[in-house]
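Secondary and tertiary structure notes
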4 protein chains.
Amino acid sequence: MAKKKLNVAMIGIGFMGRAHSNALLQVNRYFDTGFDLRMKVVCGRELARTEAFAARWGWEDVATHWEEVVGRKDVDAVDIVLPNALHAPVAIAAAQAGKIVLCEKPLAMNAAESRAMVEAAAKVPTLVWFNYRRVPAVLLAKKLIEEGRVGHVYHYRAKYLQSWGVEAPDSWRFRASEAGSGALGDLLAHSVDLAMLLNGDVQEVTSIQKTFSREREVDDAVAVLARFANGSVGTLEATRFASGRLNGNTFEINGAKGALRFDLEDMNVLEFFDNTEGPETSGWRRIYVTDAAHPQVGKFWPPGHIVGYEHTFIITLAEFLDALAAGNEFHPNFEDGDRVQQVLDSVSRSALARAWQSPGGAPDPLPVD
Amino acid sequence: MAKKKLNVAMIGIGFMGRAHSNALLQVNRYFDTGFDLRMKVVCGRELARTEAFAARWGWEDVATHWEEVVGRKDVDAVDIVLPNALHAPVAIAAAQAGKIVLCEKPLAMNAAESRAMVEAAAKVPTLVWFNYRRVPAVLLAKKLIEEGRVGHVYHYRAKYLQSWGVEAPDSWRFRASEAGSGALGDLLAHSVDLAMLLNGDVQEVTSIQKTFSREREVDDAVAVLARFANGSVGTLEATRFASGRLNGNTFEINGAKGALRFDLEDMNVLEFFDNTEGPETSGWRRIYVTDAAHPQVGKFWPPGHIVGYEHTFIITLAEFLDALAAGNEFHPNFEDGDRVQQVLDSVSRSALARAWQSPGGAPDPLPVD
Amino acid sequence: MAKKKLNVAMIGIGFMGRAHSNALLQVNRYFDTGFDLRMKVVCGRELARTEAFAARWGWEDVATHWEEVVGRKDVDAVDIVLPNALHAPVAIAAAQAGKIVLCEKPLAMNAAESRAMVEAAAKVPTLVWFNYRRVPAVLLAKKLIEEGRVGHVYHYRAKYLQSWGVEAPDSWRFRASEAGSGALGDLLAHSVDLAMLLNGDVQEVTSIQKTFSREREVDDAVAVLARFANGSVGTLEATRFASGRLNGNTFEINGAKGALRFDLEDMNVLEFFDNTEGPETSGWRRIYVTDAAHPQVGKFWPPGHIVGYEHTFIITLAEFLDALAAGNEFHPNFEDGDRVQQVLDSVSRSALARAWQSPGGAPDPLPVD
Amino acid sequence: MAKKKLNVAMIGIGFMGRAHSNALLQVNRYFDTGFDLRMKVVCGRELARTEAFAARWGWEDVATHWEEVVGRKDVDAVDIVLPNALHAPVAIAAAQAGKIVLCEKPLAMNAAESRAMVEAAAKVPTLVWFNYRRVPAVLLAKKLIEEGRVGHVYHYRAKYLQSWGVEAPDSWRFRASEAGSGALGDLLAHSVDLAMLLNGDVQEVTSIQKTFSREREVDDAVAVLARFANGSVGTLEATRFASGRLNGNTFEINGAKGALRFDLEDMNVLEFFDNTEGPETSGWRRIYVTDAAHPQVGKFWPPGHIVGYEHTFIITLAEFLDALAAGNEFHPNFEDGDRVQQVLDSVSRSALARAWQSPGGAPDPLPVD
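So, here is what we can say about the structure in this document. In this convention, every chain numbers its residues from 1, walking through the sequence in written order. A letter from A marks each chain and a number from 1 marks each ligand, given out in the order of writing. Where totals are concerned, whole chains, interfaces and linings use all residues; where local detail is concerned, this predicted model gives features only for residues with pLDDT of at least 70, and gives and counts side-chain atom pairs only at 80 or more.

**Side note on the interface of chain D and chain A**
A pair of residues counts as a contact when their C-beta atoms, built from backbone coordinates, are separated by no more than 7 Å. Counting residues at the interface gives 22 residues for chain D and 21 residues for chain A. Strands here are runs of E lasting at least two residues and helices are runs of H or I lasting at least four, both read from the DSSP assignment and numbered beginning at the N terminus. Those elements that provide at least two residues to the side of chain D that touches chain A are α1 (15–30) and α2 (47–57) of chain D. Considering each element in turn, the side of chain D that touches chain A owes the most residues, 3 residues, to α1(D). For the side of chain D that touches chain A, a count of residues per class yields 11 nonpolar, 8 polar and 3 charged. When residues are sorted by character, Ala, Val, Leu, Ile, Met, Phe, Trp, Tyr, Cys and Pro go into the nonpolar class, Asp, Glu, Lys and Arg into the charged class, and all the rest, Gly among them, into the polar class.

In structure tokens, the structure reads:
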């Protein structure tokens, strides 16, 4: 069967641009996507650096203005790997030009923007690069939850801990005009997305947003209490000031039947505690998620041969292309990204107001438990 | 040198009564306290059970009404291991009778009580059994902090996670009239005490208190955001509904120079990350706190031979007796216990008010960070 | 029911003397042994030190020559905590005087001695202090093996790794005349005892014995290949030169149905891998062996409250007294200690001969697998 | 600067063929090798499968007989990923045709073959795919050893534990004529290569080789005692019957100044214990080897973003091409592979003879330590 051509444009050539290019190159080695992906054009601000990037990663053409790219006839899909402030304008333009739109997270600077993006993209397939949904261990967590192995949930606990903020040089990530927020959009966005995937809607939040470095315009850290719609108590935290933690994206779920733990620093492992075992032999199991029986793992290497960071993008892209081929809805799409954005906005509002806030609206007082 | 006699009365014969009796029996085997401890009288509600307890643990006499014990002339010190509701009346009576008073944690049902206890005991030596201060790994953490190995603190994160609440039979611990609170006084009290020991005063808190079980009168879980006086962001949590966690009393401190982690389930270990090492060889170190170079460890066994739960009581008692002999102030005393109680009260108030609250007073609004 | 008196004499006042005294003091606090233990007399070489020891630990009387003690009429049981060279003479004298004999490990300097000890003690109850058999996690391992959870065994792997030899001061432990051997009798003896407990008889061995320090007369390290009677392949190793390891007494058993791992440095945990689970959710389980459902644990503290090194002696003593009361055979007794000694001797012979050797006899050539 | 063309032929299309193809595709994305690699022709036994493989991985041409490929004029380098029995004939033919030769491990069926391969390839650059030398954590271990952080070595301990043998279907890996050996060549070869890299020459060995499954012709497990030329005691073990272990390629080195531990199942971590720290703060450090300061890691992703199994091949290829460009000798080359083979042969001889054997010759009796 002949593969369908899909011409991709990528806007942005930073670290994430490398991860996306790699995924585009690798996806058809491991998966049967049904698409003949063409890396048509890559767009960066400086021509020389963009040409070097294109040469290394196999992009056919280069551009230096995104406006020239998003409407090109020979482009089917636009992939956005830009500072957050540019997500909305580029995505909206691309969507209005009828392109498939893939966008880095967080989807937008705020919920007003993300809402506008959802509307603009109502008729095109979309993707938000919450790549950690596709860590095989996270896919397994989702599966075990759906199978009832955790049961009624009491606690959802997530942290995204990094340390580079303590001594970081200046970057667009510290400027409010480009990043919108700091730890909130950069790290907590991932935690909120996973929380909603695994534990459902967030009902209300209260929070601290903290900037430790005087010269920075955005939050270095954020800590959140949350009530979930399923009745569970949530704590979420993200920081760039957690000495000792490089990429500690963790969660723990405690339910009536079992519990799950995950740490991105040990990303090929999911820990599972089965309450139904009885005390003599129950214990936290380190499930080494590298077996063909585990979600998506069989596409890569034999049991015991681990995958790394970049594979989360490959799996995400593969599942997006499968959905595209089948005409199915893909998640996380712009609507999912918008829902995350509404939670993030409520976190910011609660920090400012020093009060509980609900996503998507005015504070919605709940009865005290 | 002849040892000074010290006659002890203990009120209560539950699980904690065993731990205290053991400490009284063992302290002079491992430490040179200068006191000849006499286990004079133990008091329980039922005579037969109390006699059996006394026989097993070597108490000379038994009683069934605490009122008869606290004023006995042949008693120098009264040790209280009763449900929380009885702490204040017994401690106040004992203090008024001029006795040394040792009391289980939490010190009281609320800060009004704990304040009254402090006042009543102004002239007698006191102790609150926050035994986890004397885990050797915690003593080492305190020492490293004082030596500047952690530096300016950004984050203090504490959890006390247990799971027995999911399927527990009825107990005084679930009745408001006897326990006052649930996870708050039982577990979070320990976390707050350690937090204040290691990270200083708590400035304000906001929280969730949650009762998952309909038939219970007290909180099954509590989650807290805190601002510390040193500028660090705190998250504290305690629960009896964390499946998979038996006694997960943990903390993590992230500072400019280093970080520390502790988990009571692995109590002979302190984890330390030294930021000053440089990235090539830095990493979380599992310090196996069993060496004579470590605080109090040399009193027990050679390096590599671990101590257990009960030793925290032995060390606490030894240091109390040392302070008593030297005429020094011991910590944690009733004043420390009262300060913890004030934080716990502010946590309860904040949960009820759905708002930030300060310990020891009305909400004290801080500028947003 | 009145308890039966049992008068104990202990010969030796070193570090192990403390551990035994503690067990004698504590056993009736936690267990119902049926015996009223009297700590009658303790014997050390120097009177002043022995008196101080007796005062601290509650021994009624002191002596400075073991010959005066082993035959005392007011002594029912003799506990030997002396350098290895004295085990045989003291034990034989005590047994000939009709005393119950408890002896530290290794039972003897060599199998000739241990055989003589078995013969001399044929009519009295005996115990060898292989205390690590009674770590609750090891008791659980034994139970799971007996229940078939490991199945047919392929591999038994044991190491006893310590590091203190690198910089140790002189000690009787380094003199051939007093210790007999180094790592072999001190550490490998424990590993061999556990191996025979958990995996059955050793058929033949080949080995390296190595002395790294020129000034020492005994082996600093020993490494062994073994064939077990059950067909499994064994590797055993013990050393005082393993930097980083304080008390790393470990084993791993791989069988057709499951696998077990243990490390004394984490002694409240047993790791279990259940092959029958299927690849999706199987993983090494950290069984936190602190539940009342676990062997002997319920005698001490509630779930999640760990025991330490000293408790292995308490449990050993309790089970010995239970066997004594019931008239049952206790293990490990002198016969068990002798069997271990025969394996140790064959290890020494194989190192010297650079050839495979069988315990208990001349080399017994096996067909190559 | 124009890149030099290098045309590659690969013989074999199994699981390892995928790993090599991936490395050829990826190496220039992350490294600047100076070579324009052309994936010229891939050779498999079945045409259809070979064509599908070529299409997926981007090979320009296909072949079904290796004899037609090794001498092709448009081929500069031949990469051999065949069952062990074919390594020697293909490598010798390719070398005789003047090609660069890359060969999977173990280099040969035995040392006679590997010696012939070394001779045939004396004038061409060669590589043996001992890919685990290039795990970044292993590169770091090598660096720390060279810097003296471990000091004089007492112990080298290596295990390569897998479990798939318990229930594996038939495969060439179980047939003597194709594989030559089982765990020995498949797993222990890696351990021996790392041992010689990190700890130098092996002087003599004694061993057990064991076949648990009656229907198999090769060893399921092998256990070895070794003396190294540096005076350290070695234990090495490899098995396909270690339930619970998927890819447990581990080593531990204990030296006078420090110790190192590695486990391929946690391949982005190196554990280091620094003896020079003093007992108060020393502990095993988990060095998370993902920083730009670590060897080769900076070529991939930012700190905290792990690499996986496939990257070991990419790094190996990159370093080989660098050496090729610079005219430097690369390791491991065929001479290194031959040295490993000699150790493996001595292991087999020792198992058969039930006696110590030396690599490369007749048994060379050493004085007993």
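There's plenty left to go through after this.
**Observations concerning the sheet that holds strand β4 (residues 77–80) of chain B**
All names here are of chain B. The strand order β3-β2-β1-β4-β5-β6 describes an open sheet built from 6 strands, whose pairing is parallel. Strand pairing shows two members of the sheet lacking a second neighbour, β3 (61–63) and β6 (126–128), which therefore form its edges. Mean inter-strand twist for the sheet, computed between neighbouring axes without regard to direction, equals 20°. One ladder, built from 8 bridges, connects strand β1 (residues 4–11) with strand β2 (residues 35–43); its direction is parallel. Bridged to N7 within β2 is R38. Across the sheet, helix α4 (residues 87–96) is in contact with β1, β4 and β5 (100–103); its angle to β5 comes to roughly 165°. At least two DSSP bridges between two strands are needed for those strands to be called paired. Helix axes are fitted only over the stretch in contact, all axes being lines through C-alpha atoms; the angle between N-to-C directions runs from 0 to 180 degrees.

**Some points on the relation of the copies chain C and chain D**
The copies were overlaid with a least-squares fit restricted to C-alpha atoms from residues scoring a pLDDT of at least 70 in each copy. With an RMSD of 0.0 Å, chain C superimposes on chain D once it is rotated by 180° and translated 0.0 Å along the axis. On this basis, the relationship between the two copies can be described by a two-fold rotation axis. The rotation axis passes nearest to the C-alpha of C:A355 in chain C, at a distance of 3.0 Å. Both copies contact each other with a shared surface, as 100% of the interface residues of chain C are interface residues in chain D too.

**What about the relation of the copies chain D and chain A?**
The two copies are related by a screw motion: chain D maps onto chain A through a turn of 180° and a shift of 0.0 Å along the axis, at an RMSD of 0.0 Å. When the interface residues of chain D are mapped onto chain A, 95% of them again fall at the interface, so both copies present the same face.

**Regarding the sheet that holds strand β1 (residues 4–11) of chain A**
Residues and elements named next belong to chain A. If you trace the 6 strands from one edge of the open sheet to the other, you get β3-β2-β1-β4-β5-β6, paired in parallel fashion. Looking at which strands have only one partner, the edges of the open sheet turn out to be β3 (61–63) and β6 (126–128). Averaged over all pairs of adjacent strands, the angle between strand axes in this sheet comes to 20°, irrespective of strand direction. Sheet analysis places strand β5 (residues 100–103) next to β6, joined by 3 bridges and oriented parallel. By the bridge assignment for β6, L102 is matched with L127. Across the face of the sheet, helix α1 (residues 15–30) comes into contact with β1, β2 (35–43) and β4 (77–80) while running at roughly 160° to β2.

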